[in-house]
Amino acid sequence: MRTTVLATVLMAIALSAQAETIQQRTTSCFACHGENGQSQAEITPSLGAQQRPYLLIQLYMFREKLRDFTPMNDAMKGFSDDDLRNMSDLIGDLPKPQPLNDVGDPVRLQHANALAQQHHCISCHNSDFSGRDNVPRIADQREDYLAKTMREYKTSSRHGYDGTMAEVLAPITDEQIGDLAHYLARVR
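S.K.: Quick question: what am I supposed to make of the environment of Q50 here?
M.R.: Along the polypeptide, Q50 turns up in the loop between α3 (29-33) and α4 (52-63). For Q50, a relative accessible area of 5% gives the class buried. When neighbours within four sequence positions are excluded, Q50 is seen to be in contact with L55, G92, P136, R137 and Q141. Among the polar contacts listed, one links the side chain of Q50 to the backbone nitrogen of R137, at a separation of 2.5 Å.

S.K.: What is the right way to look at the packing of α4 against helix α6 (residues 81-92) in this model?
M.R.: Helices that pack against each other are described as a pair by the angle of their axes relative to one another and the distance between those axes. Put simply, α4 and α6 touch, their axes get as near as 9 Å, and they point 135° apart. Taken together, α4 and α6 sit at an angle that is classed as oblique. The handedness of the crossing between α4 and α6 is right-handed. Taking contact as the criterion, the partners of R52, L55, L56, L59, Y60 and R63 in α4 are, on α6, D81, L84, R85, M87, S88, D89, I91 and G92.

S.K.: What is the right way to look at helix α7 (residues 106-118) in this model?
M.R.: The periodicity of an α-helix, 3.6 residues per turn, causes residues three or four places apart in sequence to face the same way. Its 13 residues give α7 an end-to-end C-alpha distance of 18 Å, which sits within 8% of 18 Å, the value for a rise of 1.5 Å per residue. Restricting attention to buried positions, one finds in α7 the residues L109, A112, L115 and A116. Seen from one end, α7 has its buried residues packed into an arc of 125°, which puts them on one side. The outward face of α7, more than 90 degrees from its buried face, is lined by the exposed residues P106, V107, Q110 and Q118. Against α8 (121-125) and α11 (174-184) lie the buried residues of α7. Among the residues of α7, the N-terminal cap falls to D105, whose side-chain oxygen and the backbone nitrogen of V107 are separated by 2.9 Å. Positioned one or two residues after α7, H120 has a phi angle of 60°, which is positive.

Rules and cut-offs
- Residues numbered from 1 in each chain as written.
- Predicted model: local features only at pLDDT ≥ 70, side-chain atom pairs only at ≥ 80, totals over all residues.
- Heavy atoms only, no water.
- Helix = DSSP H or I, 4+ residues; strand = E, 2+ residues; numbered from the N terminus.
- Buried < 20%, exposed > 50% of the residue type's maximum accessible area, 1.4 Å probe, protein only.
- Contact = heavy atoms within 4.5 Å.
- Polar contact = N/O pair within 3.5 Å; in protein donor to acceptor, adjacent residues only side chain to side chain.
- Axes fitted to C-alpha atoms, helices over the stretch in contact; angles between N-to-C directions.
- Parallel < 35°, antiparallel > 145°, perpendicular 65-115°, else oblique.
- Left-handed = near helix turned anticlockwise from the far one by under 90°.
- Expected span 1.5 Å × (residues − 1).
- Arc of directions from axis to C-beta.

Below, the structure is given as structure tokens:
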């Protein structure tokens, strides 16, 4: 009898979780990624105005543990492919992050702009760094997150769809990565 009651309770919990809407299931996302998708948390990306195909791929990679970050891997457990599509659509509708009030260091901005041109960042991320398709929006992203991500691509500890990001970042110094992150966080 006790086993039957326990099984019934667990089934009710599981059905209740399935009955939640995507909006309800994504509420916890905004605790880290910020209200309206603008992160206030250190090294946590803003999600506002991110490209839907990019979001879908990232959510899938977290669910399948192709990207290893335990909080996100755990958060994506139990999400179906349709759930991931719906979630990427919902997040993709969020407004773009607000630009920083701090306009930045003009010398670093000029240096990074030249680097972005030289290394053809605009070829994939667009001239306004808004991204497209499976290429992320990097404009107005958190500076600390951008620097961390570029360093991970450079060292191949974070993998992209192919080796393009590692190849592009190979000749770029750590100081230049800092300047690029400074610049991209302040793209106007």
